[in-house]
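Okay, here's what each chain looks like letter by letter:
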Amino acid sequence: MEYLLIIVSAIFVNNIVLAQFLGICPFLGVSNKLSTATGMSGAVCFVITLATVVTYLLNNYVLVPLGLGFLQTIAFILVIAALVQMVEIVLKKISPSLYQALGIFLPLITTNCAVLGVAITVVSKEFSFGGAAHMLNLAEAVVYALATSIGYGLAMILFAGLREHLSGNSIPKPFKGLPIALITASIMAMAFLGFSGIV
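Figured I'd write up the structure that's included with this text. All figures in this text were calculated on a predicted structure; none of them were measured in a lab.

**Things to note about the side chain of Gln72**
Mapped onto the fold, Gln72 is located in helix 4 (residues 72-94). Not counting residues up to four positions away in its chain, the partners in contact with Gln72 are Asn59, Leu63, Ile120 and Val123.

Rendered as structure tokens:
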């Protein structure tokens, strides 16, 4: 039951983009077309989950035991950048078709603050799901990271679909482009706020 609460909370209630406002730049910049939003969502899902596992292990088995917790942010940034580069190299060699699909978006993920935000949240925030607050174990951290990245992808794909639909409509000149995108994102955030009573 606790895993289900983590999943629902991460996808709908505490959506990383619409509730926590992390990863806004790619959310607004890459969401003009549904195809690019889907590709970016897949790449972000993979990198957030992988980065969370590696940073969780690094923090709990290297930084904290050695008393180097103050290096957490710098270490996590370096790990995320290295992971993205390694994933890019491996995909290029093993699966050129997948690299073509995600390769464009992989360098953008290095600067996506949602990846770092999830990694830091997992190791520093206490979570309370019906019982006493506790730090996440590795399995819960992986579920949280995967659910958060799915929530990010869901928000981005829905937003891209809305933007494609809006592009075919007659919009007053002052609202064209970024203004109507921000208004749409704020309405989406209010819609996702309706899920807050679930968890």
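**What about the nonpolar core?**
Proteins that are soluble and globular tend to have nonpolar side chains buried together. If you look at the biggest cluster of nonpolar residues, it comprises 53 residues, and the most contacted ones within it are Leu18, Phe27, Leu106, Ile109 and Tyr144. Elements that contribute at least two residues to this core include exactly helix 1 (2-13), helix 2 (24-29), helix 3 (34-63), helix 4, helix 6 (106-110), helix 7 (113-124), helix 8 (138-167) and helix 9 (178-193). Beyond its immediate sequence surroundings of up to four residues, Phe27 is in contact with Val17, Leu18, Tyr152, Ala155, Met156, Phe159 and Ala185.

**Concerning the packing of aromatic side chains**
Counted by the stated rule, this structure contains five aromatic pairs. Among the aromatic residues, ring-to-ring pairing joins Phe12, Phe192 and Phe195 into one connected group.

**Some details on the packing of helix 3 against helix 7**
Closest axis-to-axis distance for the helix 3/helix 7 pair is 9 Å, and the angle between their directions is 40°. It follows from the interaxial angle that helix 3 and helix 7 lie oblique. Taken as a pair, helix 3 and helix 7 cross one another with a handedness that is right-handed. Of the residues in helix 7, those touching helix 3 at Val47, Ile48, Ala51, Thr52, Thr55, Tyr56 and Asn59 are Ala114, Val115, Val118, Ala119, Val122 and Val123. Per-class residue counts for the contact of helix 3 with helix 7 are ten nonpolar, three polar and no charged.

Thresholds, definitions, all that
Residue positions are counted from 1 within each chain, in the order its sequence is given. This being a predicted model, a pLDDT of at least 70 is required before a residue's local features are given, and a value of 80 or more before pairs of side-chain atoms are given or counted; all residues contribute to the totals for chains, interfaces and linings. Each side-chain value is worked out from all heavy atoms of the structure, with water and hydrogens disregarded. Numbering of helices and strands runs from the N terminus, with a helix taken as a DSSP run of H or I at least four residues long and a strand as a DSSP run of E at least two residues long. The contact rule is simple, with two residues in contact once any of their heavy atoms fall within 4.5 Å. Joining through side-chain atoms within 4.5 Å is the link that ties buried Ala, Val, Leu, Ile, Met, Phe, Trp, Tyr and Cys residues into a set, and such a set is a nonpolar core. For every residue, the accessible area (1.4 Å probe, protein chains only) is compared with the maximum for its type, and the residue is labelled buried under 20%, exposed over 50%, or partly exposed between those bounds. Note on aromatic pairs: the rings of Phe, Tyr and Trp (six-membered ring only in Trp) are paired at centre separations within 6.5 Å, and the planes decide the class, stacked below 30 degrees, edge-to-face beyond 60, tilted for the rest. Axis angles are defined between N-to-C directions and span 0 to 180 degrees, where every axis is a line fitted to C-alpha atoms and, for a helix, only to the segment in contact. An angle counts as roughly parallel when it lies under 35 degrees, as roughly antiparallel when it exceeds 145, as roughly perpendicular when it falls between 65 and 115, and as oblique in every other case. Crossing chirality is assigned from the near helix's rotation relative to the far helix, an anticlockwise turn below a right angle marking it left-handed and a clockwise turn marking it right-handed. Note on residue classes: Ala, Val, Leu, Ile, Met, Phe, Trp, Tyr, Cys and Pro are nonpolar, Asp, Glu, Lys and Arg are charged, and everything else, Gly too, is polar.

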